[in-house]
Amino acid sequence: PAEVMAAVTTALGVERRNEVVATLYMARNDVSCRVRVTAMQVWKMVIFNTPRVLREILPVATKMIISALSSPDEEQTTTAARALGDLGQKLGDRVFPQVLPLLREGLRSENERMRLGACEGLSELIQTATKLQLVEHASDLLPGVEEALSDNSESVRSASAKIFSYLSRPLGHPASEGVVQNLILRAAEYQEVSGYEDIRDENYALDGLQKVLALSSGKVLSSVVTNVIAEIPITDTGLMSLAAAARVAEGTFEAHLKEVMAALSQTFVRLRHESPEKLDDSVISVFSSVAASGETLTKALLIEILSPMSHDVEMRVAGARMLGLFVKALGENAGDYAGTILEAAVRQLADVDSGAVVEAWRALDILSKVVPIARLRNEVVQLRQSLRQAGANSTYRPTDNMPGDRIEGLCIKQGPAPLVPILNEGLLHGSPELREQSALCIAELVELSEQKALSPFVIKLTGPLIRVISDRGPWQVKAAILHAMLRLLE
């Protein structure tokens, strides 16, 4: 082989020989098995010292590989990536200093195919490198990967997310955390510069973060949560990062749910007198993502939302607002938790703080609009019990000089509005037992409301009462309806 190589060098010259040998080396990594076998046979006939020859042709082979990585031909790109990985395995430290700058340049190319090819080459190089090599060159590797995770091409972002997953284990948590933190900052900067009201619109850094989370360990998820809740109030960008995390983390997000919800409660407390509504859409995204993970996590989320509603005034306001957003996030599926939601919201209608009352009323209003009334009619018994408890706990002083307790949430403008459709549905379409309970609940609703707030709903309540009492039915239903009508007349 030495004589053959000498003859080739004499015939072609060193420069031309290196090009031919580099081409042969590329063929050794071809996607076709027949090509690889044939190239290997020729290589053994010509090359007598593979490491030495590879060192000699390294500059030429590197240029050839980088050029092939940008090819629109997928087979050429795959061949080049394999060749680069093989070079890294055989030459180790000699390859990194020469190849990394070229790959970084490729990642910044305007040609999408070149950027994707650079990712594929970098992936192969990293997978064949030793831990020591990766640690030594981390400062060169991570910035390029971070840039690629924010690329405007989804293919490049997906490829770079795989690279990140390969790097995160040998480089450890601190390196991963730095990339995650910078992605969150990039997402925030994008929103600020672009002026998009919805941060999800074309926010490539946010999508890159989600792809990273989908492929990485729980430590990366912990890093996202820690970075987001480090400062209160949580930013819009932070909430969208949490939504992305919850979307891909599924059940593992439950371990962080308590601390996330505590931070979110504090955020609404801080923003109570400013503009908490600016975070509503992002909070809904978080809740939707959590709920998509299944019933167990949804129940856990609801428990965490209800928890602040038994604390001080500020926390009760925050809890009630989050309850309304939870209902919005679940939409029709909120009907599965209607009894629990009704109990919490109706109880808070009797709160001593008017802000807490208004937020509880909003939660009920959302529930009555997003969940089909036919599903809510089965909660009439729970509604009646909750109204009784709220009335017993109420400290509201009525302004109509009528005797009896009042619930402040039913005395505000449109106060009875969320409950009237539920009671009418139970009265008109329920079983005899449910019709009786609905009529009795209407009577109690009237007793717990002020005349001014109830007046707009008198006709809406009276019509169904007259219709049902005119039909055949058990005497218990008719007695309950007469009781309700007497309360309305009073």
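All residue numbers refer to positions counted from 1 along the written sequence of the respective chain. The predicted nature of this model means local features are confined to residues of pLDDT at least 70 and side-chain atom pairs, given and counted, to a pLDDT of 80 or more, with totals for whole chains, interfaces and linings taken over all residues. Side-chain numbers come from the whole structure's heavy atoms, not from hydrogens or water.

As a further point, take the overall build of the protein. Starting at the N terminus, helices and strands are each numbered in turn, a helix being any DSSP run of H or I of at least four residues and a strand any DSSP run of E of at least two. Scanning the protein from N- to C-terminus turns up 28 helices and zero strands. Within these notes, the globule rule equals 2.2 Å times the number of residues to the 0.38 power, and the radius of gyration is based on C-alpha atoms. Over its C-alpha atoms the protein spans a radius of gyration of 34 Å, topping by over 25% the 23 Å that the globule rule assigns to 490 residues. Residues are treated as being in contact if the distance between any of their heavy atoms lies within 4.5 Å. Within the protein, counting contacts between residues at least 6 apart in sequence, those at least 24 apart form 71% of the total. Accessibility throughout is a Shrake-Rupley quantity obtained with a 1.4 Å probe, and a residue counts as covered only by protein chains that appear here. In the structure as shown, the protein presents an accessible area of about 22,600 Å², 51% of it carried by carbon and sulfur atoms.

With that out of the way, let us pick up the state of the cysteines. To count as a disulfide, a pair of cysteine sulfur atoms needs to be within 2.5 Å. Following the criterion strictly, the structure yields zero disulfides and no others. Unpaired in this structure, C441 has its nearest cysteine sulfur neighbour in C411, at a distance of 15 Å. Only protein chains enter the accessibility calculation, which uses a 1.4 Å probe; a residue is then buried when its area is under 20% of its type maximum, exposed when over 50%, and partly exposed in between. On the basis of relative accessible area, C441 is assigned to the buried category, the value being 0%.

Let's shift gears to the environment of G85. Residue position: G85 is located in helix α5 (residues 74-91). Separated by 43 residues in the primary sequence, G85 and T128 place their C-alpha atoms 5.9 Å from one another. If near-sequence neighbours (up to four positions away) are discounted, G85 is found in contact with E124, L125 and T128.

Before going further, it helps to spend a moment on the confidence of the model for the protein. Interpretation of the predicted coordinates at a detailed level should be avoided for regions scoring low in pLDDT. Across the protein, pLDDT averages 84, with 93% of residues at or above 70. pLDDT is a residue-level measure of predictor confidence that goes from 0 to 100. Across residues 195-201 the pLDDT falls below 50, and counting only partners more than four positions away or on other chains, this stretch makes 15 contacts in the model.

Right, let's talk about the packing of aromatic side chains for a bit. For any two aromatic rings, the description comes down to two numbers: the centre-to-centre distance and the angle of the planes. Note on aromatic pairs: the rings of Phe, Tyr and Trp (six-membered ring only in Trp) are paired at centre separations within 6.5 Å, and the planes decide the class, stacked below 30 degrees, edge-to-face beyond 60, tilted for the rest. Using the criterion set out here, one finds two aromatic pairs in the structure. Centroid distance Y25 to W43: 5.9 Å. Interplanar angle 50°. Geometry classified as tilted. Of this pair, Y25 sits in helix α2 (residues 14-27) while W43 is found in helix α3 (residues 33-46), placing the two residues 18 residues apart along the sequence. Residue class for Y25 comes out buried when judged on its relative accessible area of 1%. The positively charged end of R28 is found above the aromatic ring belonging to W43, 4.8 Å away from the centroid. Consider the ring centre and the ring normal. A charge sits over the ring if Lys NZ or Arg CZ is within 6 Å of that centre and within 35 degrees of that normal.

What follows is about helix α4 (residues 50-69). Take the number of residues in a helix, subtract one, and multiply by 1.5 Å to get its expected span. Here α4 contains 20 residues, and its C-alpha end-to-end distance of 23 Å is more than 12% below the 28 Å for a straight helix at 1.5 Å per residue. What is called the bend at a residue is the angle between a pair of axes, fitted to the seven residues leading up to and ending at it and to the seven starting from it. The axis of α4 is deflected most strongly, by about 65°, at L58, and proline P59 appears within four residues downstream. Against the buried residues of α4 lie α2, α3, α5, α6 (95-107) and α7 (112-128).

Moving on, we come to the environment of S176. Residue placement: S176 occurs in helix α11 (residues 173-194). Residue classification places S176 among the buried residues on the basis of a relative accessible area of 7%. With eleven residues separating them along the chain, S176 and S165 place their C-alpha atoms 9.1 Å apart. Other than its neighbours up to four places away in sequence, S176 contacts F164 and S168.

We now examine the nonpolar core. By nonpolar core is meant a set of buried Ala, Val, Leu, Ile, Met, Phe, Trp, Tyr and Cys residues that side-chain atoms within 4.5 Å join together. The biggest cluster of nonpolar side chains holds 156 residues, and the ones touching the most others in it are F253 and F287. When neighbours within four sequence positions are excluded, F253 is seen to be in contact with L221, V225, L242, A245, A246, V260, V290 and L297.

Helix axes are fitted only over the stretch in contact, all axes being lines through C-alpha atoms; the angle between N-to-C directions runs from 0 to 180 degrees. Look at helix α25 (residues 432-447) against helix α28 (residues 475-489): their axes get within 8 Å of each other, and the N-to-C directions meet at 15°. As far as their axial angle goes, α28 and α25 are roughly parallel. In this structure, α25 meets α28 at a crossing whose hand is left-handed. Two secondary-structure elements touch here, α25 through P432, R435, E436, A439, L440, I442, A443, V446 and E447 and α28 through Q476, V477, A480, I481, H483, A484, R487 and L488. For the contact of α25 with α28, the per-class residue count stands at eleven nonpolar, two polar and four charged. Any angle that is under 35 degrees is reported as roughly parallel, and any over 145 degrees as roughly antiparallel; angles of 65 to 115 degrees are reported as roughly perpendicular and all others as oblique. Note: crossing handedness is left-handed where the near helix turns anticlockwise from the far helix by less than a right angle, and right-handed where it turns clockwise. All amino acids are sorted into three groups, where Ala, Val, Leu, Ile, Met, Phe, Trp, Tyr, Cys and Pro are nonpolar, Asp, Glu, Lys and Arg are charged, and the leftover types, Gly among them, are polar.

What follows is about the pattern of salt bridges. Every case where a carboxyl oxygen of Asp or Glu lies within 4 Å of a side-chain nitrogen of Lys or Arg is listed as a salt bridge. On inspection of all chains with the given rule, the structure shows 23 salt bridges. Through salt bridges with shared partners, a single ionic network connects E154, R157, D207 and K211.

Relative to the 26 Å expected for 18 residues at 1.5 Å per residue, helix α18 (residues 313-330) spans 26 Å between its end C-alpha atoms, a close match to the ideal helical length. Of all 18 residues in α18, 15 are buried; the element is thus mostly enclosed. N or O atoms within 3.5 Å of each other form a polar contact, as long as, within protein, one can give a hydrogen and the other can take it, and as long as residues adjacent in sequence are counted only when both atoms are side-chain atoms. The opening residue of α18 is D312, an N-cap whose side-chain oxygen sits 3.2 Å from the backbone nitrogen of E314. Residue G331 follows α18 closely and has a positive phi angle near 65°.

Once that is clear, we can look at the packing of helix α24 (residues 420-429) against helix α27 (residues 458-470). Across the interface, α24 lies against α27 with an axial gap of 10 Å and an inter-helix angle of 5°. One finds that α24 runs roughly parallel with respect to α27. Of α27, the residues touching α24 (which contributes V420, N424, L427 and L428) are K460, L461, P464, L465, R467 and V468.

This next bit is on the side chain of D30. Here D30 shows up in the loop between α2 and α3. Just so you know, the count uses Lys and Arg for positive and Asp and Glu for negative, and it drops His and the chain ends. As a buried residue without a salt bridge, D30 has its nearest oppositely charged side chain in R36, at a separation of 6.1 Å. Setting aside residues up to four positions removed in sequence, D30 forms contacts with V35, R36, T79 and R82.

The general pattern is negative phi for most residues beyond glycine and trans for most peptide bonds. Cis geometry is adopted by the peptide bond preceding P233, which originates at I232 and carries an omega value of 5°. Note that P233 resides in the loop between α13 (218-228) and α14 (236-249). The phi dihedral of Q414 is positive, around 65°, even though this residue is not glycine. Examined against the element boundaries, Q414 turns out to sit in the loop between α23 (408-411) and α24.

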